[in-house]
Amino acid sequence: MSLDFISLENIQEIAHQYGYWAIFVGILLENLGIPLPGETVTLVGGFLAGNDELNYWLVLADAASGAAIGGTCGYWIGRIGGWSLLMKLASLVRISEVKVLGIKEKFSENAAKAVFFGRFFALLRIFASPLAGIAEMPFAKFLLYNFLGAGAWAGTMVSLAFFAGKVVSLEQLVKWVGQFTILALLILVALIAVPLWLESRQVEEVTTDRSKV
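None of these values were measured; they are calculated from a predicted model.

S.K.: Looking at this structure, I do not really get the packing of helix α2 (residues 20-31) against helix α3 (residues 38-50). What am I missing?
M.R.: At a minimum axis distance of 8 Å, the contact between α2 and α3 shows a crossing angle of 160°. Judged on the interaxial angle alone, α3 and α2 are roughly antiparallel. For α2 against α3, the interelement crossing comes out left-handed. Touching A22, I23, I27 and E30 of α2 are G38, E39, V41, T42 and G45, all from α3. Residue composition of the contact of α2 with α3, grouped by class: 4 nonpolar, 3 polar and 2 charged.

Here is the structure:
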């Protein structure tokens, strides 16, 4: 499937043509799981606001509301049908239900942090809300961290483009932010995967030692 239609040039053209609606809908759709570069859409909005083509506060409101509404929809998607889908995917890759339940429990313990900070990580921005629904995070608690996270993310991205866009090109800014979010995601995966791997190794060693007795 070609993704040429979501190049930076096309995003700028769409933003010029449809203004605030383009920003709101683009971010909303990304948070619903559609592969659109919501981060780039937000940066374009902030950049245009910095050039006085759009209003800063309206762009910020668009970005925050699109992220918050999309996240809320993602939560209910995960809450209603996410668990059955997750179990089907787990069976395809031969992951036992016990392990999936363990992962669910660990996510539940850190769901608030994942919903809030997940906005700043590539891919996790899309999956954090459905995972919160699967983990049955209380909806009131989810709403709080979802809106706070959406506001913090939108404020950071829009303000970054608004001010930094005056001294560097939009292309360079998008490149730097993209590289940072991917690097941050890799670090996060390592911080999660390494302890889980070490824990599984310890369990295997204990099981092996017991079998020898």
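S.K.: Would you take a moment to explain empty space enclosed by the protein for this structure?
M.R.: Where empty space is left in the structure can be found by rolling a water-sized probe over the atoms. For the structure on display, the rule yields 1 cavity of 30 Å³ or more. Quantified by volume, the largest cavity comes out at close to 30 Å³. Lining the largest cavity are V115, G118, R119, L124, R125, A128 and S129. Sort the elements by how many residues they give to the lining of the largest cavity and helix α7 (residues 124-134) lands first, with 4 residues. Its residues assigned to classes, the lining of the largest cavity comprises 3 nonpolar, 2 polar and 2 charged.

S.K.: Help me understand the UniProt feature "transmembrane region" (unreviewed entry) in the protein chain in this model?
M.R.: Per the UniProt record, "transmembrane region" (unreviewed entry) is found at residues 18-36, 56-78, 114-132, 144-164 and 176-198. The span residues 18-36 carries 68% helix and 0% strand; its end-to-end C-alpha distance comes to 16 Å. In residues 56-78, helix accounts for 100% and strand for 0%; the two terminal C-alpha atoms are 33 Å from one another.

S.K.: Looking at this model, I keep getting lost on α3. Mind explaining?
M.R.: The periodicity of an α-helix, 3.6 residues per turn, causes residues three or four places apart in sequence to face the same way. An ideal rise of 1.5 Å per residue puts 18 Å on 13 residues; α3 measures up with 18 Å between its terminal C-alpha atoms. Backbone geometry just downstream of α3 places D52 in the positive-phi region, at approximately 65°.

S.K.: Sorry if this is basic, but what is going on with the environment of L143 here?
M.R.: Within the secondary structure, L143 sits in helix α8 (residues 139-164). For the pair L143 and A68, spaced 75 residues apart in sequence, the C-alpha to C-alpha distance is 8.4 Å.

S.K.: Honestly, the layout of surface pockets in this entry has me stumped. Any pointers?
M.R.: Its boundaries defined by the atoms lining it, the second largest pocket holds a volume of some 410 Å³. Lining the second largest pocket are 22 residues, and of these P37, G38, E39, T40 and R125 sit closest to its centre. For the lining of the second largest pocket, the elements supplying multiple residues, two or more each, are α1 (8-18), α3, α7 and α9 (170-212). It is α9 that provides the largest number of residues to the lining of the second largest pocket, a total of 6 residues. Across the lining of the second largest pocket, the residue classes tally to 12 nonpolar, 5 polar and 5 charged.

S.K.: I keep staring at α7 and nothing clicks. Help me out?
M.R.: Of all the 11 residues making up α7, 9 are buried; the element is thus mostly covered by neighbouring parts of the structure. Along α7, the residues classified as buried are L124, R125, I126, A128, S129, P130, A132, G133 and I134. Following α7 by one or two positions, E136 adopts a phi angle in the positive range, close to 55°.

S.K.: What am I meant to see in the nonpolar core here?
M.R.: As a rule of thumb, soluble globular proteins bury nonpolar side chains together. Core analysis: the biggest nonpolar cluster contains 31 residues, and I27, L43 and V44 have the highest contact counts within it. Mapped onto this core, the elements with two or more residues apiece are α1, α2, α3, α4 (56-92), α8 and α9. Broken down by element, the residue count for this core peaks at 8 residues, all from α8.

Analysis parameters
- Residues numbered from 1 in each chain as written.
- Predicted model: local features only at pLDDT ≥ 70, side-chain atom pairs only at ≥ 80, totals over all residues.
- Heavy atoms only, no water.
- Axes fitted to C-alpha atoms, helices over the stretch in contact; angles between N-to-C directions.
- Helix = DSSP H or I, 4+ residues; strand = E, 2+ residues; numbered from the N terminus.
- Parallel < 35°, antiparallel > 145°, perpendicular 65-115°, else oblique.
- Left-handed = near helix turned anticlockwise from the far one by under 90°.
- Contact = heavy atoms within 4.5 Å.
- Nonpolar A, V, L, I, M, F, W, Y, C, P; charged D, E, K, R; others polar.
- 1 Å grid on protein atoms, 1.4 Å probe; cavity = no way out; pocket = protein on both sides within 12 Å on 5 of 7 lines; lining within 4 Å.
- Points joined across faces, edges and corners; volume = space filled by probe spheres on them.
- UniProt positions renumbered as here; feature names shortened; annotations may be inferred.
- Expected span 1.5 Å × (residues − 1).
- Buried < 20%, exposed > 50% of the residue type's maximum accessible area, 1.4 Å probe, protein only.
- Core = buried A, V, L, I, M, F, W, Y, C linked by side-chain atoms within 4.5 Å.

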